[in-house]
Structures are given as C-alpha cells and as structure tokens.
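Coordinates in review
Take a look at the letters that make up each chain.
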Number of protein chains: 2
Amino acid sequence: MQIFKGDLIFTPTPQGFKTLKGGYIAVSKGQVEGVYQKLPALFSNFKIKNFGRRLIMPGFVDLHVHASQFYQAGVGLDQELLPWLEHYIYPLEERFADPEFAREAYARFVEELISHGTLRACIFATVHRESTALLFDLLASRGIGAYVGKVNMDCHAPPGLQEVTAVSLQETEELIKRYGGHPLVKPIITPRFAPSTTPELLAGLGSLARKYHLPVQSHLAENKAEVAWVQELFPDQPTYAHVYHHYGLLGPTPALMAHAVHLTEQEKTLLTKNSAAWLVHCPEANINLKSGMMPVRELLERGINLGLGSDIGAGHSIALYRVMVRAIQLSKIRNILEPPRAPLTTAEVFYLGTKGGGSFFGKVGSFEPGYAFDAIVVEDEALITAGFTLEERLQKFIYTGGADNIVARFVKGKRVDCGPGDCY
Amino acid sequence: MQIFKGDLIFTPTPQGFKTLKGGYIAVSKGQVEGVYQKLPALFSNFKIKNFGRRLIMPGFVDLHVHASQFYQAGVGLDQELLPWLEHYIYPLEERFADPEFAREAYARFVEELISHGTLRACIFATVHRESTALLFDLLASRGIGAYVGKVNMDCHAPPGLQEVTAVSLQETEELIKRYGGHPLVKPIITPRFAPSTTPELLAGLGSLARKYHLPVQSHLAENKAEVAWVQELFPDQPTYAHVYHHYGLLGPTPALMAHAVHLTEQEKTLLTKNSAAWLVHCPEANINLKSGMMPVRELLERGINLGLGSDIGAGHSIALYRVMVRAIQLSKIRNILEPPRAPLTTAEVFYLGTKGGGSFFGKVGSFEPGYAFDAIVVEDEALITAGFTLEERLQKFIYTGGADNIVARFVKGKRVDCGPGDCY
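Thresholds applied
Residues numbered from 1 in each chain as written. Chains lettered and ligands numbered in written order. Predicted model: local features only at pLDDT ≥ 70, side-chain atom pairs only at ≥ 80, totals over all residues. Heavy atoms only, no water. Axes fitted to C-alpha atoms, helices over the stretch in contact; angles between N-to-C directions. Helix = DSSP H or I, 4+ residues; strand = E, 2+ residues; numbered from the N terminus. Parallel < 35°, antiparallel > 145°, perpendicular 65-115°, else oblique. Left-handed = near helix turned anticlockwise from the far one by under 90°. Contact = heavy atoms within 4.5 Å. Nonpolar A, V, L, I, M, F, W, Y, C, P; charged D, E, K, R; others polar. Buried area = accessible area lost by both parts, 1.4 Å probe. Salt bridge = Lys/Arg side-chain N within 4 Å of Asp/Glu carboxyl O. Polar contact = N/O pair within 3.5 Å; in protein donor to acceptor, adjacent residues only side chain to side chain. Least-squares fit on C-alpha atoms with pLDDT ≥ 70 in both. Pairing = 2+ DSSP bridges. Phe/Tyr/Trp six-rings, centres within 6.5 Å; stacked < 30°, edge-to-face > 60°. Buried < 20%, exposed > 50% of the residue type's maximum accessible area, 1.4 Å probe, protein only. Disulfide = S-S within 2.5 Å. Domains from an automatic or database assignment.

Remarks on the packing of helix H11 (residues 320–337) of chain B against helix H12 (residues 346–358) of chain B
All names here are of chain B. Running from N to C, H11 and H12 point in directions that differ by 135°, and their axes come no closer than 9 Å. Accordingly, the angle class assigned to the pair H11 and H12 is oblique. You can see that H11 and H12 cross each other, and the crossing is right-handed. Contacts between H11 and H12 pair Leu 320, Met 324, Ala 327 and Ile 328 from the former with Thr 346, Val 349, Phe 350 and Gly 353 from the latter. Residue classes in the contact of H11 with H12 are distributed as six nonpolar, two polar and no charged.

Structure follows, in structure tokens:
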C-alpha cells in the first residue's frame, strides 16, 4: 500500500473539480483505493509520502500525437493541411527509414512528452517497421502507457513513404505479434487517413483489428479540401466516417478519430450511436492549419466519447495543459459566434485531458477507486499562487506553468521520472 | 564602436524578414550603424563579439501591460471584462497601496518581462503614487525602456481605488516632474478607461499631456458591454474614441489605445486620419475575456499605427513572442470567417511586436541604420532547428521557445541581463 499526501485535484465528472486540501490518497498495486480528507485508521501503519502543499493531479492523456513530427512543431504553419503534408511532413517522415535518425528523434520526443506530464498517449509513428519498433521499446523502457501505430499508406504518398499493400499489412501484423503482450505499450491499427489507403488496405486493416481485438486510430474530417477529396475517392460511401465504418475501422473495436471539424449530420448520428468511437479534439492544430473549429459542446451534449490531442507537429504544444487552454479559448470564440452554446470551463477541458481521454485506456485519468494511479505532482510556489483556491492554482498552472513545475510523475503507482534510488 | 556577429533577422517592413546568416552588425553609441554580410574594412580594427550561429533579433516591444496584474495572469478567466475587473482585478490592485507588496510584485514582474526578451514596454501601474514611483525606479535600475503610467480613476471604482479628482491630477503631475527627465523610463498619461474617469479628470489629464508634451495610454472598445456603458456615460460624444479625442487624449500628443475590437466606421475614420494614434492588438486577452477579434488586417490596410500587447493579466502570456503566435492564430480564425482578408504572416506579427510597436518609442525595433540597438540573442540548438532557414528557426522559437533560449539582451547597445564583469 502507498499513501500520498498533498493538495488533491481531479475531475470525476466534467461538471467540476473534486479537491482535497491536504488530502490523502491510498494506492494498492498501482490502483487508487480511495481519497480521504482524514486518513482512515486502517492505513495508519503505512508510511506516508507527503508532498506538502503541492498539487497532486492525474497525469495527462494525449489521444493524438505524431512522434515523428516533433521536429517540425511550430514551423511552416502558413500552409493548410494538404500542402503542409507535401512540403514539410512527408520529407521529414521519410527520414525515419534511418533507425539512427529515428532513435534520436523519438528519444527527444518521449522525454519531452514525459517532462510535460503526459503519461498516456496514442501515437502515430511512420510507415517504417524498424523505427516503429524502436519507439515501442523506448516507451516500454520509460514506463509510460501508450498505443503506438505503425502508419499504413499505400497510395497518394511520396515514393519514399508509399507501401505495397501486402507488405504494409504483413509488417503491421509482425509488430502486433511482437508487442501485443506488453502491459502498458500496445499496438494500434493506424491507417494514416482515408486518402492514403486503398480499399484493399482498409479491408486488411479492419481484419487485423478484429483478429487481434485491436483499437484503431486515424484522422477524420479535419479540413474541407480533405473531405472533398475523400468523397471523390470513395463515391460509394455516404460520408468520410462511413469509409472507416464500412471497413471495420470505426467499430466494432474501439476507434479514435482525430479532428472531426467538418462532420455532416449523418456522421454525427453514426458517431452518436457508436460507443466504440472516440473523437479527439486538437484545437491547436486546427487553428494552426486553419482547418476550423470542432463543435465540441454539441458533441459533448450528444454523449460522444471525447478527449484531447496535441497533434504534434500541426499542433506546436506538446504540453497537454496548454492544449487545454487552447480548447477553452477556441470554445470562447465559438461562443461569440454561436452564443447559445456555452464555452468550455476549466473543469471540462481538464476532464477531457485526463478522464475523458483516459477512458480509451480503461480506468485512467481520475483518482476514483479502481483507477490507475497515474499522477503528476506540481510545485506551484514559483507561479505565485498564495491565497488562491486549488482550482485557481490549477488554472494558474495550465495557463502559465511549465515542465519545471512538475516535480514527480507516476504511472500505475510507479515513478517514471527518476532512476531507482534517486527518489521515491 | 561595437561589432556583433551572428545569424541576424529583423523586419524592416511587415512584408518580410531581412536575414543575414553569419552577418555583422555595427553599433555606435547604442545605435545601429549598419548590418553587413561581409564586415567593411573600416571596422576591421574593432573587436567582434561573435555569437556564432545564434539568432540575433530585435528585442520585443509590449505596448500594453498591467504590471500590477501579473499575479492574476491565468486565473479567473471564466468571466468577461467588467465582472472580471470587479471580482479579481480591483481587489488585487488595492493591495498596491502597500509599498512592500508593490516592491515584491513589481520586481517579479520586471524580471519576468526581461527574461522573455521584452525590452520596451508601455505599462499601467495602479492609482497609487508611491508604488508607481517604485516601479519607475525599478525599471530605471534594470536598464530597459518603458513608459509608466500612474492610473487615474475618480468614479465607478471601488472605494479603495477611487481618487479625488484634484488629488489624482496633482499626484500625476508630481510623478511627471520627478521622472520626466529620465532617458529610458518616462511617464505617460493613463486614464484607466472612459467609464472610470469624470469629464473633469479627462480634461485635466488632457491639459497635463499638452503642458508636458506627454503621450497617453488607455483602453478603447474592448468589450460590447463596455462600449454600451461609455455611450450611456458620454451621450454627447458620437463614439467611444471621440471621448478621448474630445479631451485631448487621442491626439494631439501620441496616444496608445488598447484593444479596439468593436470600432464603428466613424471611429475607424477618426483613427485613420490621426497619425498620433497607435492601436494595440492584445489577442490573448481578447480571447480570454471573450471580448472579440480586432480587425487587424483591415486596420493595417488603413495605415493605422499598430503594435502588440500582452495585456497581462487578461492575457496570460508575458512572452510577447507567444502573443505573436496568438495574433497569427486569431487572424486565421478571422480568415475562416471572412475569407477575402488573408491571415497575418510570421513576418507581419514579428514586425508588429518589434518595429511596429517600437515606433511609439522612436527608432526602435529594427536593425536599420539609426535604430537603437535593442536586441536579444537566441540559442536555438535545444529547439532542434538544424537544417531550417533563419525564418523557420525564428518560427520555431516564437512557437516553442522560452526564456531559457534567450542568452543575451541589449538595450541601446548595453547588456541588461547580467552584472558588470559577468559577461559582455
């Protein structure tokens, strides 16, 4: 049993924060037993790890991030999605054919991710089997939770990235067999997006998802030109979402769809009925590539599963807490334009970036009983928060804090940010 | 004569960057003599300060920032302007009656400002004479350039902040006499905003501006409720801008007006004709308080003087380079809504945050001959920019960099970030 003490803050629901000033959290085998304002007598014999007046909050969950695009973040954002892919991203991804390049780039990405408190992530690698395997190994060695996808693309790709369909499927299956058994870092089926996959590849990936009971991640309705292109390429499908659905890539197994900015009514209905679907809001990326604004409040009202994504490198902030700020800001602009729907609150975006996204991993992202103890400890004294409530201190951190304020990171009760003996 | 070498980047015009890889900059008595790809023979006897492959760029100019609101940044942004002032800001500002509180708060603010490379700023203090004097002294001791305003408010203020008109004018004049002669830190007339100033106070402040040839700073048309309130309070004036104009606070002396989100056609015409007027775009604050979106591109096309403001504490980023990012992002959203007007480019926002805002200080914000050598040196190796052009490296810095990447800061050729003997 582990007992932690500190100023606890988390969101059991999107409606508000639960806070315990000087509260206790009991953890057994990596799972939360309970949180307590006064420590129950039955725990009185255990040693307490006392974090004093530091904030203890759930670790962040990034549901959409391209590990291979980290070097590009913040550069070339004067272009929209399709030319940006051509001019910047594909040439960068081609470099991941070189395992040495990949090893260094992925190592920097993973350290940066962890430093900012993201402890679970759904990650796109590239089409390259060997460097994708390196990313699996690296994440596993660092102890955080992740789904990692070898990207599949067998058409409309530059020569250096375009795969032969059968080889794409075969290499995907090899990685599934190799990494399927890991407790924290798992494979996920990852067609890049409908335009870069033939019907044959989509069908094959759908079969793999069913055969191995694997989740799926891809992109959906990010940009208007992209949506028009999909309609042209798949004239038999009524909508973009139906392309994935048709091939078993949007249900029956869990599926993450990033962006969903330009959904039709028919797509919203399909997603509302589909409890296996998660949508990922990537506000920073959607502004940077001038894609548009996801109707977040409406999708929440429909009860669709929702989380947040940094979408590095279209998004430039790997810090998910800053992505939360951008989600609030974008919702305020939507509210100016469509006044009846309220902007997102701090509690709502915090929920999306912890428990909302965490639900894709199971019981992750909260401090309720049975949840994995994934947590970060925030020292906010340097942010000058004396006199503020716990919720205000959390606001201060997400708006103005940084990696330096995070002084400890736990995944399933185990510290992931220092060597054995270095610290608790 | 000082000679600096490095990768130079600046914006002589909003249309694009001027870059010199491994270029030289010659500085005489704090002013730029010229930039050179090859050092002219006449400078060959001077010692060169070689910054290698680091970027050398103009220091940032923040045209609108409330030093007294720094502690509030990032907290309570679920409210709009008027309730946010009542609930959070006025109680905070009341604490500046205590010089000890002010001394610590202002010291933290100034260090943070300098650390992020803002080397010129137009600053609101509070109504308090003594703590405002402390801010003058502090800025002067740190060597950066600033206009500092004791705030004036004699109505619609909480008891702790409301001034007696005559006393407000008298204390303002005292500070003008005391600090008017400083070469870098100067007084500026600062009516908080029209609703918190009586006609008598406005008239008195207009007289002071003319008597001492002083510039003016205030707020204009930030929020719709505020605009309606001004119309109610000043029924004889056709617009909000005309209130200031009528009292000599928007011309004849230079005047900075922050926000200008909700301008009428009549106001735009008044501002277009008025070469003494500068508008300040505060994108972060305008989103955070759900005020709206300034029509930046239109105002640029009209030829109105324009700069950027962090507007701490409605804005939460004291880093002006991040305010530049937000200006680009907001302009992209405007472009989605009003497609004919293009979004702002990186060069345009960089211009606004350096030479555009710098023009309020004279020849500041560029490396053209005759400009003050206000500069920051950016070490971007840790941001992983190998292979990028100078412009791309600058993008990487403004989107993903931080204070840690800034390794030297100069104002008028003098370093302001280390003690004598510590460094060049």
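Overview of the interface of chain A and chain B
Counting from both sides, the interface comprises 36 residues of chain A and, opposite them, 36 residues of chain B. Between chain A and chain B, roughly 3100 Å² of surface is buried when both sides are summed, and carbon and sulfur atoms account for 61% of that area. On the chain A side of the interface with chain B, the three residues burying the most area are Lys 290, Lys 332 and Ile 384 of chain A, jointly 19% of the side's total. At the junction of chain A with chain B, the criterion picks out zero salt bridges. Where chain A packs against chain B, one counts 16 residue pairs in polar contact (both at pLDDT 80 or more). Elements with a minimum of two residues in the side of chain A that touches chain B: helix H9 (283–288), helix H11 (320–337) and helix H13 (390–400) of chain A. When residues in the side of chain A that touches chain B are grouped by element, the largest group, nine residues, is from H11 of chain A. Residues of the side of chain A that touches chain B, tallied by class, amount to 18 nonpolar, eleven polar and seven charged.

Side note on the relation of the copies chain A and chain B
For the pair chain A and chain B, the superposition axis carries a translation of 0.0 Å, the fit reaches an RMSD of 0.0 Å, and the rotation angle comes to 180°. Taken together, the rotation and translation describe the operation of a two-fold axis. Taking C-alpha positions as the reference, the residue of chain A nearest the rotation axis is Ile 333 of chain A, at 4.4 Å. Of all interface residues in chain A, 100% are interface residues in chain B too; the two copies therefore contact each other through one and the same surface.

A word on the pairing of strand E3 (residues 31–36) of chain A
All names here are of chain A. Pairing of strand E2 (residues 16–28) with E3, which is carried by five bridges, proceeds in the antiparallel orientation. Residue pairing for E3: Ser 28 is matched across the bridge by Gln 31. Adjacent in sequence and paired antiparallel, E2 and E3 are bridged by two residues, among which Lys 29 carries a positive phi angle near 50°.

Things to note about the packing of aromatic side chains
Residues and elements named next belong to chain A. All chains considered together, the criterion is met by 44 aromatic pairs over all chains. Pairing Trp 278 with Phe 360 gives two aromatic rings, centres 5.1 Å apart and planes at 85°, and the pair type is edge-to-face. Of this pair, Trp 278 sits in strand E13 (residues 277–281) while Phe 360 sits in the loop between helix H12 (346–358) and strand E15 (375–378); the two residues are 82 residues apart in sequence, bridging distant segments of the chain. Of the two residues, Trp 278 and Phe 360, neither departs from the other in class, the shared state being buried.

Side note on the state of the cysteines
Residue and element names in this part refer to chain B. Enumeration according to the criterion identifies zero disulfides over all chains in this entry. Left without a disulfide partner, Cys 122 is nearest to the cysteine sulfur of Cys 282, which lies 11 Å away. Look at Cys 122 and you get buried, because its relative accessible area is 0%.

Side note on the domain arrangement of chain A
Residue and element names in this part refer to chain A. What the domain assignment lists for chain A is domain 1 (2–58 + 366–415) and domain 2 (60–361). Contacts between the two partners involve 31 residues from domain 1, matched on the other side by 26 residues from domain 2. A buried area of about 2200 Å², summed over both sides, lies between domain 1 and domain 2, and 66% of it is on carbon and sulfur atoms. The largest per-residue losses of area from domain 1 upon contact with domain 2 belong to Pro 14, Ile 398 and Tyr 399, which jointly make up 28% of the total buried on that side. If you look at where domain 1 meets domain 2, you find two salt bridges. Its salt-bridge partner being Arg 120, residue Asp 374 comes within 2.6 Å of it at the nearest N-O pair. Where domain 1 touches domain 2, the interface holds ten residue pairs in polar contact (both at pLDDT 80 or more). When residues in the side of domain 1 that touches domain 2 are grouped by element, the largest group, six residues, is from H13. A per-class count over the side of domain 1 that touches domain 2 returns 18 nonpolar, nine polar and four charged.

With respect to the pairing of strand E5 (residues 60–66) of chain B
Residues and elements named next belong to chain B. Among the seven residues that make up E5, seven are buried, leaving the element largely enclosed by the rest of the structure. Pairing geometry for E5 and strand E6 (residues 118–124), over five bridges, is parallel. Note on E6: the bridge partner recorded for Phe 60 is Thr 118.

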